[in-house]
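What follows is the residue order along each chain.
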Amino acid sequence: GVDRSTFVRFLLDCGLVDQQKVPLFWAVKVFDSVARPVRVCPTDATWAMTAPATFAVNRWTLMSVLDPIIRQHFDSRNSKQFMSWVVRAARQ
């Protein structure tokens, strides 16, 4: 899964947040709306019930979080620009 701090670092590294289209607080609010507590220990640990938890999303839920954020930057009119952004982000 992906926790909140990793998600925010990803948004900043990829340039997906700005004050006009995607403010950081809005993007984090979208993430927080679907994040669920996850124990930070092995599932078979005897002390799992007392282990600390963090809020995270799984990979599929992450896609649903990124969808509205990316749609703020790209639409059907600039799909070529989106694909070049994906290639550039993958190289970073």
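Everything below is about the structure shown above.
Here's what I pulled together on the structure shown here. Given the structure is predicted, the values throughout are model-derived calculations rather than measurements. (Residues numbered from 1 in each chain as written. Predicted model: local features only at pLDDT ≥ 70, side-chain atom pairs only at ≥ 80, totals over all residues. Heavy atoms only, no water.)

### Remarks on the overall build of the protein
Right, so step 1: Helices and strands together make up the secondary structure of the protein, namely four helices and three strands.
Right, so step 2: Reading the protein from its N terminus to its C terminus gives the helix and strand order β-α-α-β-β-α-α.
Right, so step 3: In summary, the protein has a C-alpha radius of gyration of 16 Å against a globular reference of 12 Å for 92 residues, an excess of more than 25%.
Right, so step 4: On the principal axes, the C-alpha backbone points of the protein span a range of 55 × 25 × 20 Å.
Right, so step 5: Counting the 92 residues in the protein, one finds 32% classified as buried. (Helix = DSSP H or I, 4+ residues; strand = E, 2+ residues; numbered from the N terminus. Rg over C-alpha atoms; globule rule 2.2 N^0.38 Å. Buried < 20%, exposed > 50% of the residue type's maximum accessible area, 1.4 Å probe, protein only.)

### Section: the nonpolar core
Right, so step 1: With 21 residues, the main nonpolar core has Phe7, Leu11, Leu16 and Ile69 as its most contacted residues.
Right, so step 2: Where this core is concerned, the elements lending two or more residues are α1 (4-14), α2 (24-34) and α3 (59-71).
Right, so step 3: If one sorts the elements of this core by residue count, α3 sits on top with five residues.
Right, so step 4: Among residues more than four places away in sequence, those in contact with phenylalanine 7 are Val2, Ala27, Phe31, Leu62, Val65, Leu66 and Ile69. (Core = buried A, V, L, I, M, F, W, Y, C linked by side-chain atoms within 4.5 Å. Contact = heavy atoms within 4.5 Å.)

### Quick notes on the environment of valine 65
Right, so step 1: Here valine 65 is to be found in helix α3.
Right, so step 2: Leave out the neighbours within four places in its chain, and valine 65 touches Phe7, Val30, Phe31 and Val34.

### Overview of the pattern of salt bridges
Right, so step 1: Tallied over the entire structure, the rule returns three salt bridges.
Right, so step 2: Here aspartate 32 ties to arginine 4 by a salt bridge, and the two come within 2.4 Å at their closest N and O atoms. Here aspartate 32 is found in helix α2, whereas its partner arginine 4 is found in helix α1, with 28 residues between them in sequence.
Right, so step 3: Take aspartate 32: its relative accessible area is 34%, and that puts it in the partly exposed class.
Right, so step 4: Arginine 4 sits in the partly exposed class, given a relative accessible area of 40%. (Salt bridge = Lys/Arg side-chain N within 4 Å of Asp/Glu carboxyl O.)

### Quick notes on the environment of tryptophan 47
Right, so step 1: When you line up the elements, tryptophan 47 lands in the loop between β2 (36-39) and β3 (53-57).
Right, so step 2: By relative accessible area, tryptophan 47 is classed as partly exposed at 44%.
Right, so step 3: If near-sequence neighbours (up to four positions away) are discounted, tryptophan 47 is found in contact with Cys41 and Pro42.

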